[in-house]
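Observations on the model geometry
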Amino acid sequence: MEFFLNQVINGIQLGLVYALIALGYTMVYGIVKLINFAHGDVFMVGAFLGYFGFTYWGLPWPVAILVSMVICAILGVVIERIAYRPLRYAPRIVALISAIGVSFFLEYFCSLKFVFGANYRVVQRPLPEISWHIGGITITNIQLLILVAVVGMLILLQWIVHRTKVGAAMRTVSFDHDAARLMGVNVDRTISFTFALGSAMAAMGGVLYAIAYPQIQPFMGIMPGLKAFTAAVLGGIGLIPGAVLGALIMGQVETMTAAFISSQLRDAIAFAILIIVLLFRPSGILGRTEPEKV
């Protein structure tokens, strides 16, 4: 039982990191109906920037996280402006191919020697790991840091979406672009802000991932990105609570599979869940099926 409870805690830790990535997927999809497959690579860039920040630039780790978030927010806006905005009203398959192209570009560009390099890097944690043993359950300060950071970001995100002008603009644009323009909403600026916000959260997820699982490399964003996308679909793509719920489920499934079945099957089972959900409930756990005009 103690081993099981420890795995539950490990699954929550992993799921919270996935949640930060999944929120970016679900926000962008909710606004422009685009699956931003480059989002996992923004997560990777964020991890490297945080690593360089507290390892080579001498920044305190909270400042390194903020710097990583700001730079990745700018990167998200640049990606949207160059790769997605010109294709906004093109067929969806065109925008999807563009997203895959951006993903490959970031991975191989960051692998160049004068950027991050292709080799694995071991991350020296910027804070010593402290463990507490409570009734046979082990909790670390790293896990608490991830919990506090993710819950704080979720509260901030909910406040932005439901209590600010830009949040109202985001909800309006997600409903209808043309109606939003008629109401005086700057659609392009709102979409850029959405990309910036999602990219900043992915950057935080990348730094926290690097601290919790201290090894990074330029292709590290592929699998977490795909699993976070699976989590967003599982919970209900386009829904913020759905992204969080799906991410927590994915974290538990992956951790429990590795602990009790086989670590080699954890990815297979995670993606099998995506197939099952698409077959039996395409709208996700919290999503609702809506009629579409033809």
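As the structure is a computational prediction, the values presented were derived from the model and not from experiment. (Residues numbered from 1 in each chain as written. Predicted model: local features only at pLDDT ≥ 70, side-chain atom pairs only at ≥ 80, totals over all residues. Heavy atoms only, no water.)

**Some points on the side chain of S98**
We count it as follows: Working definition: helices are DSSP H or I runs of at least four residues, strands are E runs of at least two. Numbering for both runs from the N terminus. Whether two residues are in contact is decided by their heavy atoms: any pair within 4.5 Å suffices.
Along the polypeptide, S98 turns up in helix α4 (residues 92–110). Every residue in contact with S98, bar those within four places of it in the chain, is listed here: A83, Y84 and L87.

**Overview of the environment of L34**
The line we're drawing: Relative accessible area decides the class of each residue, using a 1.4 Å probe on protein chains only: under 20% of the type maximum gives buried, over 50% gives exposed, and in between gives partly exposed.
Positionally, L34 belongs in the loop between α1 (2–32) and α2 (39–55). We classify L34 as buried; its relative accessible area is 8%. When the C-alpha positions of L34 and L208 are compared, they lie 26 Å apart, and in sequence the two are 174 residues distant. Not counting residues up to four positions away in its chain, the partners in contact with L34 are V28, Y29, Y84, A95, L96 and F195.

**Some points on the pattern of salt bridges**
As a working rule, side chains carrying opposite charge can pair if their charged atoms are close by. Under the convention used in this document: What counts as a salt bridge is simple: a side-chain nitrogen of Lys or Arg found within 4 Å of a carboxyl oxygen of Asp or Glu.
Within the structure shown, the criterion is met by eight salt bridges. Between E129 and R125 there is a salt bridge, with the nearest N and O atoms lying 2.7 Å from each other. Here the residues in one salt-bridge network are E80, R85, R88 and D188, joined through shared partners.

**Here's the deal with the pairing of strand β3 (residues 137–140)**
Quick note on the threshold: When DSSP finds two or more bridges between two strands, those strands count as paired.
Across four bridges, strand β2 (residues 131–134) lies against β3 in antiparallel orientation. If you follow H133 over to β3, its bridge partner there is T138. Between β2 and β3, which pair antiparallel and follow one another directly, the connecting turn spans two residues, one of which, G135, has a positive phi of 55 degrees.

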